[in-house]
Amino acid sequence: MIKLVVSDLDGTLIPEGTQDFEPGFFEALEELLDRGYEFYAASGRQYVNMYEKFGAYADRIGYLSDNGALAMKGRERLFVEEIKREFALEVSAYAQSMKEVDILVSGVEDAYFFPKTEWFKDHILNVYGLPAKMPRQLSDIEEPIIKLSMNITDFDQNAQKIKQRLTERYGEFAEFVSTGNGWIDMIVKGSGKGKALNELSRLKGLKPEEIMTFGDNQNDISMLKATPNSYAKTNAAQDVKDAAVHTCESVIEVLRKELLK
């Protein structure tokens, strides 16, 4: 019996290239919660951004933000996983040195970025809607670092070579995965959404078969592998679909077919 539903946001609940949920999602979410199911959003996004996206439902659901580095239930912190500071700053500096890369560094409380263009500044503050700070230099970030994201100019043309450069330099310690909408995220080996979901399951005393997951990109793979009730979007890359047991066109359709009959 399913007790917990966990879904990625961008490309899964929020169609690729947009900032709005799939039509009908909040109606399905309300019915899901009213029937006693728990719902957690799992995303590379920062917690503050995710919390705001859910409006009136924000305190009724949970969050695995920053690719699982931070787990929250409403406003209650459940656990956090930090990246070693020296490593995070070194990779950030190297990534920022590439002309095709703009970085976004997540702390537990705030996000930080160093825009090279007005487009990226506007994208983060206004399109993405993230109240990020702009320190003068990386060393000005004083709080623990939990995630590093890289926005790639001309993603289709440049992403693969940038992944290769990062992997050649730091692949012993981290993976660099596509997360949709022109981004690459660094995931320290042994961490990620799958580890966060396993920890959440342990805290709640849930078995893998009591969890349903949805995802569409490489940062969802470890989470999809954690349960036999996993769904990859049909337009996902093949490695993502291979990690899931099922595929689907729509999260809402699956919820209505399997849980909201």
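What counts and how
- Counting restarts for each chain: residues are numbered from 1 in the order of the written sequence.
- The predicted origin of the model limits local features to residues at a pLDDT of at least 70 and limits the giving and counting of side-chain atom pairs to 80 or more, whereas totals for whole chains, interfaces and linings rest on all residues.
- Note that the side-chain values use all heavy atoms of the structure and ignore hydrogens as well as water.
- Pairing between two strands requires that DSSP report at least two bridges joining them.
- Elements are defined by DSSP. Helices are runs of H or I of four residues or more, strands are runs of E of two residues or more, and each kind is numbered from the N terminus.
- Angles here are taken between N-to-C directions and fall from 0 to 180 degrees, while the axes themselves are lines fitted to C-alpha atoms, restricted in helices to the stretch in contact.
- Note on definitions: a residue-residue contact is assigned when non-hydrogen atoms from the two residues lie within 4.5 Å.
- The criterion for an aromatic pair is that two Phe, Tyr or Trp rings (for Trp, the six-membered ring) have centres within 6.5 Å, with stacked assigned to planes under 30 degrees apart, edge-to-face to planes over 60 apart and tilted to the rest.
- Exposure categories follow from relative accessible area, calculated using a 1.4 Å probe and restricted to protein chains: below 20% of the type maximum is buried, above 50% is exposed, and the middle band is partly exposed.
- Charges are assigned to positions over rings by a cutoff of 6 Å between ring centre and Lys NZ or Arg CZ, combined with an angular limit of 35 degrees from the ring normal.

Side note on the sheet that holds strand β10 (residues 183-188)
Then, in step 1: Here we have five strands laid out as an open sheet, ordered β7-β6-β8-β10-β9, and antiparallel in their pairing. Pairing within the sheet leaves two strands with one partner each, and these edge strands are β7 (111-113) and β9 (174-180). Across this sheet, the average inter-strand angle for adjacent strands is 25°, counted without regard to direction.
Then, in step 2: Pairing geometry for strand β8 (residues 145-152) and β10, over four bridges, is antiparallel. Residue Met 150 lies in a different strand from β10, and its bridge partner there is Ile 184.
Then, in step 3: Taken strand by strand, helix α3 (residues 85-96) contacts β6 (101-107), β8, β9 and β10, and its axis lies near 160° from that of β6.

Brief notes about the packing of aromatic side chains
Each aromatic ring pair is summarised here by two numbers: the centre-to-centre distance and the angle between the ring planes.
Then, in step 1: By the definition in use, this model includes 20 aromatic pairs.
Then, in step 2: When the ring of Phe 21 is compared with that of Phe 25, the centres are 5.0 Å apart and the planes differ by 15°; the resulting orientation is stacked.
Then, in step 3: Exposure remark for Phe 25: the relative accessible area of 2% places this residue in the buried category.
Then, in step 4: Each ring, one from Phe 87 and one from Phe 173, has its centre 5.8 Å from the other, and the planes form 65°; the classification is edge-to-face. Note that Phe 87 is positioned in helix α3 and Phe 173 in the loop between α5 (155-170) and β9, a separation of 86 residues in sequence.
Then, in step 5: Residue classification places Phe 87 among the buried positions, given a relative accessible area of 17%.
Then, in step 6: According to the relative accessible area criterion, Phe 173 is partly exposed, its value standing at 43%.
Then, in step 7: Lying across the ring of Tyr 94, Arg 169 places its NZ or CZ 4.1 Å from the centre.

So, to be careful, I would describe these as geometric facts and stop short of saying anything about function.
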